[in-house]
Amino acid sequence: MSDMTAATVAKARLPVIGLGAGSGFAVWLLAEALQQDVLPPSLWLAAFAFVGSLCFGALAMIGPLPIHRALKGGGLLAVPMTGLLLLASLRFSVATDLLDGPALVLMAIALGGVSCSFLLMWLRGAQDWLSYDALSAASWGIAFRLGCGIAFVFVLWGLGLLSNALLGLVNITFLEDIADTDWLALTLSGAAFGLGLAVVQELGDGHAPELLFRLISLLLVPVFVVVGLFLLAIPFQGLSNAFGHLSSAATLMAMAGVIGTLVCVVLYRFRQPRGLTGLTTRALAGALGLVAVLCIWAVMMRIFQYGWTPDRVYAAALAALVLLHGVTYAVVAVTGGVNWAAKLRRAVVALGLVTAAWLAILLSPLADAGRISAASQIARFNAGEIPAHELPLWEMAHDWGRAGQAALATLEAAAQAQGDGDLLERLEIAKAADTRWEALAAREPNTADLAARLSALLPVQPAGQVIDADYFSEIEAFNLNRWISSCELVLQNGRRGCAAIVEPLGPLGVGEQVGGDTTLLVLVPPHDLTRLEFVPLTRRNGKTEAGYSITLGNSAHSAAGAAELLGTVQDGLYEVSPSRQMTLKLGEMEVLSQP
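Residues numbered from 1 in each chain as written. Predicted model: local features only at pLDDT ≥ 70, side-chain atom pairs only at ≥ 80, totals over all residues. Heavy atoms only, no water.

A. Region of interest: unusual backbone geometry. Omega for the bond connecting Gln-461 with Pro-462 falls within 30 degrees of zero, at 0°, which places this linkage in the cis form. For Asp-37, which is not a glycine, the phi torsion comes out positive at approximately 55°. In this fold, Asp-37 is placed in the loop between helix H1 (3–35) and helix H2 (41–61). The exposed category is assigned to Asp-37, whose relative accessible area is 64%. (Helix = DSSP H or I, 4+ residues; strand = E, 2+ residues; numbered from the N terminus. Buried < 20%, exposed > 50% of the residue type's maximum accessible area, 1.4 Å probe, protein only.)

Right under this line is the structure:
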């Protein structure tokens, strides 16, 4: 490289490095202002939202745009983002409480990311700023540059840690001093991030490389096979067994995101996908509609069971967005004819604008998750659907903002009018406790009472065996409550949801054989009636210890199947025989006890 070329490269890199360094220093200033209480919470949040959006937008757009236009784009992003975050903060008594939960912050980041692509194309003066190809190139370029910049920062600090360890051998500590100086460390991190962006931009026009698209495209057929197997298994598995949990919904949403990304990559690489690629892409686009329907079903089942909470509000909002995307992809793929790819490209652009609008609505007062959740839980309580001890009182007091606190005031007024001392006590504990666990512990019954309650509920095998309350006296109240919840269940066959087996289960090695006071609890968890949980208990030196529990999903059983299997335990229709150790056999199922 000639001196002139080196000077030109350095001149091009300096603005990006400077913007990165300035962003890092601004982060330090904001952190210091928050720690020192220099600004009122609302003003600090406004500064944080504006500076954060400005830096994020400018860094995302610099390279394809010169620095002055990138800063203009950052400013155009920062103004509405600041307004939306200030509106969202009105839900809380203290504005900065908005940052305690990740949901609203992640929505703001997602909104900023979606908006940057449209802003970049508009500021470049592109005639086709709403075309799929242009927007895809801009979006992937932003994601690729930012990803490389972050990776370079991690590499830099990894090398710094290694270098510091090496120099520490000869008592040279200046690298450690730099890392311990917050403002300098953040400024250098920002500068490294900017350098990474600049170098990536030098490789081309900022678009993601073709290699990345090729690698992603290789996943098309494997994902199609996995999704196909999943959808084919649903009629045999049954919806109620597979869904009804936020974890199920999260898995479905993640897979929907993968499917959508794969389809968009293929649409970017090929004007008209043909052959196996075209067939698989079109089939995946159609399958996305089914996955999206199952996703919203999984969320709504949970809501129907337990009512609204902020997490469920956000999950439902995201699931609705996934449903809109999924149904659109599926309808276009099925009815689009030979031009389905071109039609889907236009639909994806429209969906991008709708996504940005939907995220903005979720940040606005129109979608106050705390208000929706509080109204739902109070309505369920007033209707007698849940008892007082199941109300999320601590969450209302500390996590649900002004709406949660208003709900507590409503409950308190009702409790005073009805003379409900128990609810009044729970409300006071919820407001005073610093953590949810502290609130639960304050109302925890005496361990001896819990042990006696469990002993009275627990069916024991073999016949004639008895487990008294003393056996559970050393068990934590949390576990006792969990086991009691299972025992209080009435399953479809009218049996209790628990049983205990007193048998010599355990290793068979010399000196390890376990006597008859070894107990295996068999439980149906209240949150999932299709599963069985096995908890080994051993008695040593007058103290009972609980081992690691084993939860087995009944992929071939419904809730009725789990109840029937537990019934065989309660009737003593099981076998204890040696394998690698003495094990419990329930038909074809074999359970090893691990103390």
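B. View of the side chain of Glu-503. Residue position: Glu-503 is located in the loop between strand E2 (498–502) and strand E3 (506–507). A polar contact is formed between the side chain of Glu-503 and the side chain of Tyr-574, at a distance of 3.2 Å. (Polar contact = N/O pair within 3.5 Å; in protein donor to acceptor, adjacent residues only side chain to side chain.)

C. How the structure looks around the nonpolar core. Grouped together as the largest cluster of nonpolar side chains are 92 residues, with contacts concentrated most on Tyr-329 and Leu-344. Looking at this core, the element that brings in the most residues is helix H12 (residues 275–306), giving 12 residues. Sequence-distant contacts of Leu-344, that is, excluding residues within four places in its chain, are made with Val-263, Leu-267, Ala-285, Tyr-329 and Val-332. Core analysis: the next-biggest nonpolar cluster, separate from the first, contains 22 residues, Leu-454, Leu-457, Val-460 and Cys-487 among them. (Core = buried A, V, L, I, M, F, W, Y, C linked by side-chain atoms within 4.5 Å. Contact = heavy atoms within 4.5 Å.)

D. Structural detail: the state of the cysteines. Going through the model one piece at a time under the given rule, you end up with 1 disulfide. Covalent S-S linkage joins Cys-487 and Cys-498, the inter-sulfur distance amounting to 2.1 Å. Across the disulfide from Cys-487 to Cys-498, rotation about the S-S bond amounts to roughly 110°, and the bridge is consequently right-handed. With Cys-487 in helix H21 (residues 477–487) and Cys-498 in strand E2, this pair connects stretches of sequence that are 11 residues apart. (Disulfide = S-S within 2.5 Å.)

E. Quick look at the pattern of salt bridges. For the structure on display, the rule yields 10 salt bridges. A salt bridge links Arg-436 to Glu-395; its shortest N-O distance comes to 2.7 Å. A residue pair is termed long-range when its members are at least 10 positions apart, and Arg-436 in helix H19 (residues 436–442) and Glu-395 in helix H16 (residues 393–398) qualify at 41 residues. Taking the shortest distance from any N to any O, the salt bridge between Lys-431 and Glu-428 comes out at 3.5 Å. Here Lys-431 and its partner Glu-428 are both found in helix H18 (residues 421–432), 3 residues apart, which amounts to about one turn of the helix. With a relative accessible area of 36%, Lys-431 lands in the partly exposed category. Residues participating in the shared-partner salt-bridge network are Glu-412, Glu-428 and Lys-431. (Salt bridge = Lys/Arg side-chain N within 4 Å of Asp/Glu carboxyl O.)

F. View of a nonpolar patch on the surface. There is a patch of nonpolar side chains on the surface, built from Leu-76, Trp-122, Trp-129, Leu-130 and Leu-353 and spanning about 460 Å² of accessible area. Its location among the elements puts Leu-130 in the loop between helix H4 (102–123) and helix H5 (132–168). With relative accessibility at 39%, the residue Leu-130 sits in the partly exposed group. (Patch = residues over 30% accessible without salt bridge, like charges linked within 9 Å, V, L, I, M, F, W, Y side chains within 5 Å. Areas by Shrake-Rupley, 256 points an atom, 1.4 Å probe, with all protein chains shown as cover.)

G. Looking closely at a negative patch on the surface. A cluster of acidic side chains, namely Glu-176, Asp-177, Asp-180 and Asp-182, defines a negative patch on the protein surface. For the negative patch, the element with the most residues is helix H6 (residues 174–180), which contributes 3 residues. With respect to the helices and strands, Asp-180 occurs in helix H6. (Lys, Arg positive; Asp, Glu negative; His and termini not counted. Charge placed at Lys NZ, Arg CZ, Asp CG, Glu CD.)

H. Spatial organisation of the pairing of strand E6 (residues 543–546). Bridging between strand E5 (residues 531–540) and E6 involves 4 bridges; their strand directions are antiparallel. Considered in E6, the bridge of Arg-539 is made with Thr-544. Where E5 folds back on E6, the antiparallel hairpin that results is connected by 2 residues, among which Asn-541 adopts a positive phi of roughly 55°. (Pairing = 2+ DSSP bridges.)

I. Structural view of helix H15 (residues 369–382). Compared with an ideal rise of 1.5 Å per residue, which puts 14 residues at 20 Å, H15 spans 20 Å between its outermost C-alpha atoms and is within 8% of the ideal. Listing the buried residues of H15 in full gives Ala-369, Gly-370, Ser-373, Ala-374, Ser-376, Gln-377, Ile-378, Arg-380 and Phe-381. Those residues of H15 that are buried lie in contact with H12, helix H13 (310–335), H16, helix H17 (401–418) and H18. The backbone nitrogen of Gly-370 has a side-chain oxygen 3.0 Å away, supplied by the residue at the start of H15, namely Asp-368. One or two positions beyond H15, positive phi appears at Gly-384, with a value near 80°. (Expected span 1.5 Å × (residues − 1).)

J. View of the confidence of the model for the protein. Confidence in the prediction for the protein averages 85 pLDDT; 89% of positions are at 70 or higher. Scored below 50 in pLDDT, residues 508–516 makes 13 contacts in the model with residues more than four places away or belonging to other chains. (pLDDT = per-residue confidence, 0-100.)

K. Examining the packing of H2 against H5 more closely. Direction vectors running N to C along H2 and H5 enclose 105°, while the axes themselves pass 9 Å from each other. Classified by the angle between their axes, H2 and H5 sit roughly perpendicular to one another. Facing H2, whose interface residues are Phe-56, Leu-59, Ala-60 and Met-61, H5 presents Ile-142, Arg-145 and Leu-146. Grouping the amino acids of the contact of H2 with H5 by side-chain chemistry returns 6 nonpolar, no polar and 1 charged. (Axes fitted to C-alpha atoms, helices over the stretch in contact; angles between N-to-C directions. Parallel < 35°, antiparallel > 145°, perpendicular 65-115°, else oblique. Nonpolar A, V, L, I, M, F, W, Y, C, P; charged D, E, K, R; others polar.)

L. View of the packing of aromatic side chains. According to the stated counting rule, one finds 7 aromatic pairs in the structure shown. Where Phe-213 meets Tyr-268, the ring centres are 4.9 Å apart and the plane angle is 55°; that geometry is what we call tilted. With Phe-213 in helix H8 (residues 210–217) and Tyr-268 in helix H11 (residues 246–269), this residue pair connects regions lying 55 residues apart in the sequence. For Tyr-268, a relative accessible area of 23% translates into the label partly exposed. Joined through ring pairs, the aromatic side chains of Phe-25, Trp-28 and Trp-183 make up one cluster. (Phe/Tyr/Trp six-rings, centres within 6.5 Å; stacked < 30°, edge-to-face > 60°.)

M. Quick peek at the packing of helix H3 (residues 67–89) against H4. Running from N to C, H3 and H4 cross one another at 145°; their axes reach a closest spacing of 10 Å. H3 and H4 meet at a crossing whose hand is right-handed. Where H3 approaches H4, its residues Arg-69, Lys-72, Gly-73, Leu-76, Leu-77, Met-81, Leu-84 and Leu-85 are matched on the opposing element by Ala-108, Leu-111, Gly-112, Ser-115, Cys-116, Leu-119, Trp-122 and Leu-123. Considering only residue class, the contact of H3 with H4 consists of 11 nonpolar, 3 polar and 2 charged. (Left-handed = near helix turned anticlockwise from the far one by under 90°.)

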